[in-house]
Amino acid sequence: MSGDTVVSGPRRGLARGRRVSQDGSAWTSIYLRRAGAADGACALTAGFIPLIPRFQTWAHPPLPYAVLTVGLPLLWWMSVALAGGYDARVIGSGPGEYRRILNAGVGLIAATAIVSYGARVGFARDYVVIALPCTTLLDLSARHTLRKRLHRRRRRGACMQRAIAVGQTEPVAGLIAALGRDTNHGLCIVAACLGGEQVPREIMGIPVYAGLERVTAAVVDFGADTVVMMTCPELSGPGLRRLAWQLEETGTQLCLAPALLDVAGPRTTLRAVGGLPLVHVDGPDLAGLSQTIKGVLDRVIAGVGLVLLAPVVAGVALAVMLTDPGPALFRQTRLGRHGRRFTLYKFRTMVVNAEELKAQLQAANQVNGVLFKIHKDPRLTRIGAWLRRWSIDELPQLVNVLRGEMSLVGPRPWTARPYQEASAHDDAVWRRLAVKPGVTGLWQVSGRADLPWEESVRLDMRYGENWSFAVDLRILWRTGKVVIWRSGAY
C-alpha cells in the first residue's frame, strides 16, 4: 500500500505539523479507494451470477439484465456509503466494518424487493434472491482480506495514527499499556500531556509534556493525527471545548476515553442528558435466557462430538496406555463457575508421577505468576507431546461439557492453588469464576502458554465481561487456526 506512514520522531512548526498529519492520513484515502474498488468488483461479479442459471451464459444477456448488471456497482457504492461503510473511523475495526456492509446489503435487498413488487419488475427478483446476497458475501470476504492486510502492515509500524495521550499519569500509563498490547487498532502514542504537580519526563518510554495547556504544542511538534483524552479533573467542560476548537484548526481528531478498560462497544450506549453526553454501561450477560441457550447448545454439540469422535477417543486412549504404563485419562479437581469443584478429564500426557516431579522443576518455570509451564517438559511422554501440540488431550473434556461442568468456550479451569496464591484483592482473578470454564477460550487463541500470567487473567476477565454468541463463534473459528498452526502449545 503506497503512502504508508511509519511512526517517527517529533516534527516542528504548525505548517510542518499540518503537512505531516495530512501525509499520515494519506494511507486512509488509499485504503478507502481500494475498498471502493473491491466493493465495485464484488458487485459486478455478483451481477453476472443470476445470468448463468437463467440464460446459460453471461455473454449476451437481454438489455434489462445488462443494464441492471452494469448499474449494480453504482447501487452498491451508494448503499455502502449510506450505511457508513466508507467512514475512516471503522477502517480495520472488524465487526464495526462488517456490520455496515451487512446493513448495506439488507437495505439494498429490501429496497430492490419493494421496487420490484411495486413496479411489477420480474427480472429484479433474480437479483433479490441471488445477486444481492452474493454481493454482500463477496464484499464481506473482500473487506476481511483488506483488513488482514492492513493488520500486517500495522504490525510493521505502517498505517498508524500518531496519537497524543492526555490526562493523569496513572490512567495515561494504563492507556499506553493497553494500546501497546496490539497494533490492530491503528493508534500509536507518540507523546503524552500530563496534569498534576509531579510530572515525569517520560512515561513507559513516551516523552511527556507537563501541563494540559501544551496539548496543541505536542500535536504540532509530533505531527499527531489524534488526541486521546482520558478522564481528567483539571480539564473541565469549557476547557475541553476550547481544546476541541484548537484541535479543529489543526485538523486533529479528539477521542474521549472513559475510565473503563476491556468493556466492549455493545455494552455501552451514549445518551445526551441535560446537554451532557453520558455513557451508559450495561451489565455483562452472565445469566438469563442467552446463557440457558448456550448451555443447551454446548451439551448438544458435546454429545454429537463424543459420538462422532468415539473411534478417535478409543484409539488415543489405547495409544496412551501402550506407550507409557498407567491410566489413559488424567483426572484433577478444578474450580468451575462460582467456585464449584469438579473433576476435569484429559488424556494423560505426562508420566504417572508428574506431580511429584513438579517440585523438582519449579525453578525452571517459564511463566510469570502462579501457573507452571516449561518448554519441552521432561515429564511429557512420547505421545503426550504430540497430543498437546494438536490439543487432542483436551477431547475428554467434552464429557465435562456434557455434564454441564464446562462450556465449549470460556476461561480455562484452574485448580484452587492459583486462586489461593493470588492476592485477595485481585478482583480480576476471582472474576474468572463468574462464568463457566471452557475447553477453549480467548487466551488460547491469543497466545496460549506464551502469554504472561497477567495477560491471561486480563483476557479471561475480558471474555466474561463482554460475552456474546458472536464472541464464542469467533473464538471457535480462531481455535481451529491456532490448533493447525500449533502456536503456544507445549
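One can find the structure itself at the top, above this paragraph.
This section reports on the structure supplied with the text. (Residues numbered from 1 in each chain as written. Predicted model: local features only at pLDDT ≥ 70, side-chain atom pairs only at ≥ 80, totals over all residues. Heavy atoms only, no water.)

To continue, consider the overall build of the protein. A count of helical and extended segments in the protein gives 18 helices and 12 strands. The contacts of the protein with a sequence gap of at least 6 include a subset with a gap of at least 24, amounting to 70%. (Helix = DSSP H or I, 4+ residues; strand = E, 2+ residues; numbered from the N terminus. Contact = heavy atoms within 4.5 Å.)

Here is a general trend for soluble globular proteins: nonpolar side chains tend to be buried in one another's company. With 19 residues, the main nonpolar core has V401, M406, L442, Y463 and I475 as its most contacted residues. Put simply, the parts of the chain that give this core at least two residues each are β10 (341-347), α14 (397-402), β11 (407-409), α17 (453-465) and α18 (469-485). Core analysis: the second largest hydrophobic core is formed by 18 residues, A191, A224, V227 and M229 among them. (Core = buried A, V, L, I, M, F, W, Y, C linked by side-chain atoms within 4.5 Å. Buried < 20%, exposed > 50% of the residue type's maximum accessible area, 1.4 Å probe, protein only.)

So, about the pattern of salt bridges. Taken as a whole and assessed by the stated rule, the structure comprises 12 salt bridges. Connected through shared salt-bridge partners, K346, D393, E394 and R412 make up one network. (Salt bridge = Lys/Arg side-chain N within 4 Å of Asp/Glu carboxyl O.)

Right, let's get into the environment of L286. In this fold, L286 is placed in the loop between β8 (276-281) and α10 (289-308). Residue L286 is classed as buried on the basis of its relative accessible area of 15%. For L286 and W467, which are 181 residues apart along the polypeptide, the C-alpha to C-alpha distance reads 7.8 Å. Residues in contact with L286, not counting those within four places in the same chain, are Q291, R337, R431, A434, V435 and G464.

This paragraph deals with the pairing of strand β4 (residues 206-210). Inspection of the sheet shows strand β2 (residues 187-194) paired to β4 by three bridges, in the parallel sense. For C193, the partnering residue across the bridge sits in β4 and is Y209. Two strands pair when backbone bridges link them, and strand β3 (residues 202-203) and β4 are joined in this way by two bridges, in the antiparallel orientation. By the bridge assignment, I203 is partnered in β4 with I206. Counted along the chain from β3 to the antiparallel partner β4, the turn is two residues long, and its residue M204 has a positive phi close to 55 degrees. (Pairing = 2+ DSSP bridges.)

With that settled, the discussion passes to the pairing of strand β6 (residues 253-257). Side-chain positions along a regular strand alternate between the two faces of the sheet. Bridging between strand β5 (residues 226-230) and β6 involves five bridges; their strand directions are parallel. Counterpart to V227 in the pairing with β6 is L254. What joins β5 to β6 is helix α9 (residues 237-249), and the crossover it makes is right-handed. (Right-handed = clockwise from strand over helix to strand, strands pointing away.)

Here N400 is to be found in helix α14. From its side chain, N400 meets the backbone nitrogen of Y345 in a polar contact 3.2 Å long. The contacts of N400, once residues within four sequence positions are left out, are F342, T343, L344, Y345, E405 and M406. (Polar contact = N/O pair within 3.5 Å; in protein donor to acceptor, adjacent residues only side chain to side chain.)

On to a nonpolar patch on the surface, then. Taken together, the side chains of V296, V300, V304, L308, L309 and V312 make up a nonpolar region of the molecular surface, amounting to roughly 510 Å² of accessible area. No other element matches α10, which puts four residues into the nonpolar patch. (Patch = residues over 30% accessible without salt bridge, like charges linked within 9 Å, V, L, I, M, F, W, Y side chains within 5 Å. Areas by Shrake-Rupley, 256 points an atom, 1.4 Å probe, with all protein chains shown as cover.)

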